[in-house]
Amino acid sequence: MAGSTVATACRAAGWQVAIVDSLPFGGTCALRGCDPKKVLVGGAEVLDWARRMRGRGIQNGSRLDWPDLMRFKRTFTDPVPKDREESFAKAGIAAFHGRAHFVDRSAVEINRELLEARHIVIATGAKPRKLNIPGEQYVTTSDQFLNLDSLPERILFIGGGYVSMEFAHISLRADREVTVLHRGERLLEGFDPDLVQQLFEKTQRLGARIHLQAEVKAVEENNGALRVHAQVAGAENILATDLAVHGAGRIPDIDDLNLAAAYVEAGPRGVKVNEYLQSVSNPAVYAAGDVAASGGPPLTPVAGYEARVVAANLLEGNHRQASYIAVPTVAFTIPPLASVGLSERSARERGLKFRVHRETTSSWYSSRRVAEDCSGFKVLIKDETDQVLGAHLIGPHAEEVINLFALAISSNTHASDLRDRIFAYPTLASDVGYML
Ligand SMILES: Cc1cc2nc3c(=O)[nH]c(=O)nc-3n(C[C@H](O)[C@H](O)[C@H](O)COP(=O)(O)OP(=O)(O)OC[C@H]3O[C@@H](n4cnc5c(N)ncnc54)[C@H](O)[C@@H]3O)c2cc1C
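Overview of the structure.

Rules used throughout
- Residues numbered from 1 in each chain as written.
- Predicted model: local features only at pLDDT ≥ 70, side-chain atom pairs only at ≥ 80, totals over all residues.
- Heavy atoms only, no water.
- Helix = DSSP H or I, 4+ residues; strand = E, 2+ residues; numbered from the N terminus.
- Rg over C-alpha atoms; globule rule 2.2 N^0.38 Å.
- Buried < 20%, exposed > 50% of the residue type's maximum accessible area, 1.4 Å probe, protein only.
- Contact = heavy atoms within 4.5 Å.
- Areas by Shrake-Rupley, 256 points an atom, 1.4 Å probe, with all protein chains shown as cover.
- Disulfide = S-S within 2.5 Å.
- Phe/Tyr/Trp six-rings, centres within 6.5 Å; stacked < 30°, edge-to-face > 60°.
- Lys NZ or Arg CZ within 6 Å of the ring centre and 35° of its normal.
- Near = heavy atom within 4 Å.
- Polar contact = N/O pair within 3.5 Å; in protein donor to acceptor, adjacent residues only side chain to side chain.
- Nonpolar A, V, L, I, M, F, W, Y, C, P; charged D, E, K, R; others polar.
- Axes fitted to C-alpha atoms, helices over the stretch in contact; angles between N-to-C directions.
- Parallel < 35°, antiparallel > 145°, perpendicular 65-115°, else oblique.
- Left-handed = near helix turned anticlockwise from the far one by under 90°.
- Pairing = 2+ DSSP bridges.

1. Description of the overall build of the protein chain
Next, step 1: Looking only at helices and strands, the protein chain has 14 helices and 25 strands in total.
Next, step 2: The C-alpha radius of gyration computed for the protein chain amounts to 23 Å, which stays within 12% of the reference 22 Å derived for 436 residues, consistent with globular compactness.
Next, step 3: With the C-alpha coordinates of the protein chain rotated into their principal frame, the extents come out at 65 × 65 × 45 Å.
Next, step 4: Residues classed as buried in the protein chain amount to 49% of the 436 residues present.
Next, step 5: The long-range fraction of contacts in the protein chain, counting pairs at least 24 apart against all pairs at least 6 apart in sequence, stands at 61%.
Next, step 6: Of the roughly 21000 Å² of accessible surface on the protein chain, a fraction of 49% belongs to carbon and sulfur atoms.

2. Here's the deal with the state of the cysteines
Next, step 1: Taken as a whole, this structure holds 1 disulfide when the rule is applied.
Next, step 2: At a sulfur-sulfur separation of 2.4 Å, the disulfide partner of Cys-29 is Cys-34. Between Cys-29 and Cys-34 the disulfide shows an S-S torsion of about -135°. By sign, it is left-handed.
Next, step 3: Judged by relative accessible area, which is 15%, Cys-29 ranks as buried.

3. Comments concerning the environment of Val-6
Next, step 1: Position of Val-6 among the secondary structure elements: in helix α1 (residues 2-12).
Next, step 2: Between the C-alpha atoms of Val-6 and Tyr-138, which are 132 residues apart in sequence, the distance is 37 Å.
Next, step 3: Among residues more than four places away in sequence, those in contact with Val-6 are Val-121, Ala-307, Val-310, Ala-311 and Leu-314.

4. Description of the packing of aromatic side chains
Next, step 1: Under the criterion given, the structure shown has 8 aromatic pairs.
Next, step 2: Here the aromatic cluster, defined as three or more aromatic residues joined through ring pairs, consists of Trp-66, Phe-145, Phe-157 and Phe-167.
Next, step 3: Between Arg-118 and the ring centre of Trp-15, over which it is positioned, the NZ or CZ distance is 5.5 Å.

5. Remarks on the site of the ligand
Next, step 1: The ligand sits among 33 residues. The nearest are Ala-2, Asp-21, Thr-28, Lys-37 and Asp-290.
Next, step 2: Between an oxygen atom of the ligand and a side-chain N or O atom of Asp-21, the distance comes to 2.6 Å.
Next, step 3: Relative to its unbound accessible area of 1000 Å², the ligand is 94% covered by the protein chains.
Next, step 4: When residues of the shell around the ligand are traced back to their parent elements, those giving at least two are β1 (18-21), α2 (27-32), α3 (34-52), α7 (162-173) and α9 (300-316).
Next, step 5: Sorting elements by how many residues they give to the shell around the ligand places α2 first, with 4 residues.
Next, step 6: Tallied by class, the residues present in the shell around the ligand amount to 16 nonpolar, 10 polar and 7 charged.

6. Observations regarding the packing of α7 against helix α8 (residues 193-205)
Next, step 1: Here α7 crosses α8 at 30°, and the two axes come no closer than 11 Å. Here α8 runs roughly parallel to α7, going by the angle between their axes. In the packing of α7 onto α8, the handedness of the crossing is left-handed. Residues Met-165, His-169, Leu-172 and Arg-173 of α7 touch α8, and the partners they reach there are Leu-199, Lys-202 and Thr-203.
Next, step 2: Here the contact of α7 with α8 is composed, by residue class, of 3 nonpolar, 2 polar and 2 charged.

7. Comments concerning the sheet that holds strand β4 (residues 107-110)
Next, step 1: Read from one edge to the other, the open sheet built from 3 strands follows the order β3-β4-β5, with strand pairing classed as antiparallel. Sheet topology places β3 (100-104) and β5 (113-116) at the edges, where each strand pairs with a single neighbour. Between one strand axis and the next, the sheet turns by 35° as a mean value, whatever way the strands run.
Next, step 2: Direction of pairing for β3 relative to β4: antiparallel, over a ladder of 4 bridges. Bridging across to β4, His-101 finds its partner in Glu-109.

8. Details of the sheet that holds strand β25 (residues 388-394)
Next, step 1: Judged by pairing direction, the sheet is antiparallel, and its 5 strands sit side by side in the order β21-β22-β25-β24-β23 without closing on themselves. Two strands bound the open sheet, and with one partner strand each, they are β21 (329-331) and β23 (354-360). This sheet shows a mean twist of 10° between the axes of neighbouring strands, independent of strand direction.
Next, step 2: In this structure, β21 lies alongside strand β22 (residues 337-341), joined through 3 bridges in antiparallel fashion. Bridged to Thr-329 within β22 is Ser-339.
Next, step 3: Strand contacts of α8: β22, β23, β24 (376-382) and β25, with the helix running at about 5° to β25, the strand carrying the most contacts.

9. Overview of unusual backbone geometry
Residues apart from glycine generally show negative phi values, whereas peptide bonds are mostly found in trans.
Next, step 1: Between Ile-334 and Pro-335 the backbone carries a cis peptide bond, its omega angle lying at 5°.
Next, step 2: Summarising the element assignment, Pro-335 is placed in the loop between β21 and β22.
Next, step 3: That bond from Tyr-425 to Pro-426 is cis: its omega, -5°, falls within 30 degrees of zero.
Next, step 4: Relative to the helices and strands, Pro-426 is located in the loop between α13 (415-420) and α14 (432-435).
Next, step 5: Unlike most non-glycine residues, Asp-175 shows phi in positive territory, near 60°.
Next, step 6: The residue Asp-175 is located in the loop between α7 and β10 (177-181) in this model.
Next, step 7: Among the residues examined, Asp-175 registers a relative accessible area of 46% and is labelled partly exposed.
Next, step 8: Phi at Ala-233 is positive, roughly 45°, even though this residue is not glycine.

Here it is, written out as C-alpha cells:
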C-alpha cells in the first residue's frame, strides 16, 4: 500500500523509481489482510443474518461452505500480483523481487544486486510478533488462516485483538468450536470497554470460550492435533485444539533490513521519523505505513495517507506534516465494532468537560429489523463547544456510520449541526441524530 503509492506518485513526476517486495506484489491488505478477510466476513454475515431471521420470515438451512468461500476469496486475491506487475511496468517503475537490506546510507541490496538511490522509502509493513514459546512452529499465522483449504473443527486464537476476534466470528458462523486466549483483562483494548463488553457477551452467546488473563506457554503437536499449554488466571491449563491461530499482535518488519548500515534509527514501534515522515537519523530515508513509528495506527488508509505525505515531501521538499485526527478503526466482527476520536478515558485524562451519550440499541427499529441483539453507542460531546470528541459504535453498519462521525470530527461540525442534517430514512445514519 504505502510503497506502491509513493512509487507511483514519484514516477508520475518523472523520477526514476524502483520497488521491491519479497512476496508477490500487492501488500498485506489486498493479499493477506483487509480485502480477503472481508470477503470471508461477508459470507459469514449473510449466514448470520439468515439465522437471526429464523422465525421472522426466513427458513434456514444454509451453512458456510469454506472451500467454496475460499475459492470466491481467491477471485479477489489471485489477480492482484499480476495486475500490480503490469501497472508498474506500464508506469515505468522497475519492479524487483527479493528481500532488500541496506548496505549504505543510500543503497540496498536485493539478491546480490545493488541499487543506489537519492532517496529510499521504507514501507515494509508489519509481521506477527514472535511468541517465543516452545512449539511456536505449530501456530498458524493470519496469512495462513486466510488461505486454509479447510477449516478444522476446533480453533483456538492466541490473543484477543481485532485479527483474532474477526477470525473467531467467521469461525463461529462456520459452526466451529472457538476458544480465545487473551493475555489482558479485556479484549480489543483499543475500543470502548462498554461496547467491548457487549461484544464479549455476544461472542460467548455464540458459543465461544473466552479466557482473559490467559498466557500461552507452549504448543505441542501429536498426529495433527494440538495441545496448548496456558496459564489462565494463575492456573495451568491444557487445551486441545486442531488449529492455534496467532492473533497476538504485529510488529514492524525491520529485523533483517540492516538499518544500522544506513544509520537509520528504529525502536519497537518501527523506523523513527520526524513530522515529515523522514528518518530522524538519515535524511535520505523516509518511512510510511505500518513500519513507521509515526504515531499513526497500523491501518491501510493510514498507510496510504502517509505515503501521500512522503511523496509530497520527496517531490517538493519537506512541507507536509502527518496528522492523525479522526482516524476511524473497525473490528469486522459480526456485528462490527467501530471507533473514532477520543475514548472516554483519554478525554477524562485530558481534563476535558464533556457529556456522554450512551445507550444499548437492540430495541431500536434499526436493530430489531435485522434481529440483531448486540448494538449500542457511546458519543462524547464537548460541553463548551458542542464538538464531537469521539464516537464508538457497535451494531449493524457501524463500520459505515463511523465515517460520518469521522467527517464530523475532522471538519469540526458541531453536534447540533450534525443532528439537524437530513439523512435518508430508514438507514443507520438516520439514527445518528438520536445518538447526539
Ligand atoms: C489479517 C489482517 C487483517 C487486516 N485488516 C485490516 C482492515 O480491515 N482494515 C485496515 O485498515 N487494515 C487492516 N490490516 C492492516 C493493513 O493490512 C496494514 O495496515 C497495511 O497493509 C499496511 O500497509 P504497508 O504498506 O505499511 O505494508 P504492507 O501492506 O504490509 O506491505 C509491506 C510489504 O513489504 C514487503 N517486505 C517486508 N520486508 C521486506 C524486505 N526486507 N524486502 C522486500 N520486501 C519486504 C512485504 O512482503 C509486504 O508485501 C489488516 C492486517 C492483517 C494482517
